[in-house]
Amino acid sequence: LHQNLLITKHSFAGTTMGYMGPNSCALGKGSAKNLKSSGWRYEERLKNVLIRNQDWAKVTKKYDSPSTFFYFDPPYMTEKGTWGYKPMLPTTIAKVLKKLKGKWILSYENTPEMRKLFVSKKYRVRTIRQTYQLSGKNQRVSELLIRNF
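Residues numbered from 1 in each chain as written. Predicted model: local features only at pLDDT ≥ 70, side-chain atom pairs only at ≥ 80, totals over all residues. Heavy atoms only, no water.

### Some details on the nonpolar core
- If you look at the biggest cluster of nonpolar residues, it comprises 18 residues, and the most contacted ones within it are Phe72, Leu97, Trp104, Leu106, Met114, Phe118 and Ile146.
- Within the residue set of this core, elements represented by two or more residues are strand S1 (69-72), helix H5 (90-97), strand S2 (103-109), helix H6 (112-117) and strand S4 (137-147).
- Discounting chain neighbours no more than four positions away, the residues touching phenylalanine 72 are Trp56, Thr60, Leu97, Leu100, Trp104, Ile105, Leu106 and Ser107. (Core = buried A, V, L, I, M, F, W, Y, C linked by side-chain atoms within 4.5 Å. Buried < 20%, exposed > 50% of the residue type's maximum accessible area, 1.4 Å probe, protein only. Helix = DSSP H or I, 4+ residues; strand = E, 2+ residues; numbered from the N terminus. Contact = heavy atoms within 4.5 Å.)

In C-alpha cells:
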C-alpha cells in the first residue's frame with residue numbers, strides 16, 4: 001500500500017515521468033518514511049478497497065453492484081499515444097457507464113461530444129480547470145467530472 005501511494009502521489013498518467021520529472025520517485029530521504037508513517041490514515045479507510053490492473057469493462061462487469069463505487073480516468077482522445085495507452089471513445093465509455101448499478105465518477109476531457117452523451121437529470125456534470133506541468137511548462141486545461149449520484 002505504501003509503495004503504491006508513494007508512486008501514485010508523485011507520478012502522472014501512471015508513469016514516473018510526472019510532475020517532478022523522471023526521478024520523481026527518487027525523492028528526499030524522508031519521503032517514503034513519512035508516507036509510511038502516515039499511511040495509517042489511509043489504511044483503515046482503504047481496507048476493503050480493491051485496486052485492479054485489468055480491462056476496465058471486465059472489472060465493471062465483475063464487481064458492479066448497488067454498493068460499488070467506481071472512479072474512471074481513462075486516456076483522453078486528444079492524448080493519442082502520449083502515454084502508451086489506447087484512447088477510449090466517449091461513446092464506448094458512456095455505453096458501459098450508463099448500465100452500471102453502482103455509483104461512479106468519470107473524469108474526462110471537456111468536449112462537446114462528452115457533454116452531449118451525459119445530458120440527463122441522472123448525471124451531474126461539473127467543469128474543473130487544472131494546471132499541469134509538462135516539459136517544464138504550465139498547461140491550463142478544462143476537464144469534466146461526471147457522476148451518476
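Back to the write-up after that little detour.
### Description of helix H4 (residues 56-63)
- Along H4, the positions that sit buried rather than exposed are Trp56, Val59 and Thr60. Viewed end-on, H4 has its buried residues packed into an arc of 95°, placing them on one side of the element. Opposite its buried face, H4 presents the exposed residues Lys58, Lys61 and Lys62, each directed more than 90 degrees away.
- Its buried side turned inward, H4 meets S1 and H5.
- Its side-chain oxygen at 3.1 Å from the backbone nitrogen of alanine 57, aspartate 55 defines the N-terminal cap of H4. (Arc of directions from axis to C-beta. Polar contact = N/O pair within 3.5 Å; in protein donor to acceptor, adjacent residues only side chain to side chain.)

### Some details on the environment of threonine 60
- Residue placement: threonine 60 occurs in helix H4.
- Linking threonine 60 and lysine 101, residues 41 residues apart in sequence, is a C-alpha distance of 9.8 Å.
- Not counting chain neighbours up to four residues away, the residues in contact with threonine 60 comprise Phe70, Phe72, Val96 and Leu100.

### With respect to the packing of aromatic side chains
- Scanning the model with the defined rule gives seven aromatic pairs in all.
- Here the aromatic rings of tyrosine 76 and tyrosine 108 are separated by 5.0 Å at their centres, their planes lie at 55°, and the arrangement is tilted. Of the two residues, tyrosine 76 is situated in the loop between S1 and H5 and tyrosine 108 in strand S2; the sequence distance between them amounts to 32 residues.
- For tyrosine 108, a relative accessible area of 0% puts it in the buried group.
- With a centroid separation of 5.8 Å and an interplanar angle of 65°, the aromatic rings of tryptophan 104 and phenylalanine 118 are classed as edge-to-face. With a gap of 14 residues between them, tryptophan 104 in strand S2 and phenylalanine 118 in the loop between H6 and strand S3 (124-134) connect regions that are remote in the sequence. (Phe/Tyr/Trp six-rings, centres within 6.5 Å; stacked < 30°, edge-to-face > 60°.)

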